[in-house]
Amino acid sequence: MINKLTYFSKSYSYALSSHGIKGLYLLTTYYFHTIISKYLSVSSRVECPICGWSGNQFRPFLVMPLWERPNAQCPSCLSLERHRALAIFYKEYLSNTSHHGLYLHYAAEDCLKPIFQAVESIDYCPVYFTLEPMPTATAASGSKVVQERLGFRQGEKVPIVGDLQDIAADADTVACLISHNVLEHVQDDQLALKEIYRVLKPGGVCFLNVPMRPVGHNTVYYKQADSAGHWREYGDDLAQLCQEAGFYVKVHFLAADPTSSNQYGLDANDRLYELKK
């Protein structure tokens, strides 16, 4: 209880000192909607396909100091719109056919990992693209097959970290590589796509998800990474960039069905690129 009060106190102090009355208003609105969505829901209008929570609406996702995104975050598992859309896609994808081999999941989200871990026929390995210690992602947490197939350059006892521009795996060894909201953080995305192509088996697939500009707009490149660590904001020409790296490209619009989009709180602009070698 004391820790929560300290957290609230620091949050409000930061909001007031940095952003004035507007900051206090946004933070108060965020907490209000969080309480309402989690505890005071009466009629069920939205549902989380990951954890099963249901209520009137998802809570807003607060991005201080700029804005808040309404009806975005599940108050139970903390999934956002893209996580729920991806969960629906992967559950269907993994249930349709048999899957085998090594699956590398870059920047593996906690709310999505159980979907892959439940498939016993695959060797699932979460990989983190930062160089910070991630105790839950040590090589020992992967299966013996995963440890043998991945040529870890720093040994088996250190956290599994990875750079998409320099993947620690031999050529033609990975059945599937999953990358969500990572490529925009990589300085040389063309090199990263070539690395993904190198490590995938013939017929292997990469599932690529990035923040996208609205349909009809091309990628905007920055001279340096912005405050969020993004080197670019992708647009429709991402498909061409992937084709130039050698992939066959299929684009999935994850919220194409208006009914499920409303039910699960999905974003109509979310896309998943299926890249096949």
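All of these numbers come straight from a predicted model, not from anything done at the bench.

Observations concerning the pairing of strand 12 (residues 271-276)
- The element strand 12 is largely enclosed, with a buried count of five among its six residues.
- Strand direction decides the pairing type here: strand 8 (residues 200-209) and strand 12, joined by four bridges, are antiparallel. The partner of Val205 across the bridge, within strand 12, is Lys276.
- Bridging between strand 11 (residues 248-253) and strand 12 involves six bridges; their strand directions are antiparallel. Within the sheet, the bridge partner assigned to Val251 lies in strand 12 and is Tyr273.

Overview of the packing of aromatic side chains
- By the definition in use, this model includes nine aromatic pairs.
- A centroid spacing of 5.5 Å and a plane angle of 80 degrees characterise the contact between Phe89 and Tyr90, whose relative ring orientation is edge-to-face.
- Taking relative accessible area as the criterion, Phe89 reaches 15% and is therefore assigned buried.
- What links up through ring pairs into an aromatic cluster is the set Phe89, Tyr90, Tyr93, Phe116, Tyr124 and Phe207.
- In this structure, Arg84 is placed above the aromatic ring of Phe58, and the distance from its NZ or CZ to the ring centre is 3.8 Å.
- Stacked on the ring of Tyr197, the Lys or Arg Lys277 has its end atom at 4.9 Å from the ring centre.

Quick word on the sheet that holds strand 8
- Overall, mixed pairing links the six strands, which are arranged 6-5-7-8-12-11 in an open sheet. Because the sheet does not close on itself, it has two edges, and the strands there are strand 6 (122-127) and strand 11. Taking each pair of neighbouring strands and ignoring which way they run, the sheet shows an average axis angle of 15 degrees.
- Pairing between strand 5 (residues 101-106) and strand 7 (residues 174-180): four bridges, direction parallel. Looking across to strand 7, one finds that Leu104 is bridged to Leu177.
- Strands strand 5, strand 7, strand 8, strand 11 and strand 12 of the sheet are contacted by helix 2 (residues 81-96), whose axis makes an angle of about 155 degrees with strand 8.

Rules of the game
Residues numbered from 1 in each chain as written. Predicted model: local features only at pLDDT ≥ 70, side-chain atom pairs only at ≥ 80, totals over all residues. Heavy atoms only, no water. Buried < 20%, exposed > 50% of the residue type's maximum accessible area, 1.4 Å probe, protein only. Helix = DSSP H or I, 4+ residues; strand = E, 2+ residues; numbered from the N terminus. Pairing = 2+ DSSP bridges. Phe/Tyr/Trp six-rings, centres within 6.5 Å; stacked < 30°, edge-to-face > 60°. Lys NZ or Arg CZ within 6 Å of the ring centre and 35° of its normal. Axes fitted to C-alpha atoms, helices over the stretch in contact; angles between N-to-C directions. Contact = heavy atoms within 4.5 Å.

Functional significance is not addressed by these values, which are geometric in nature.
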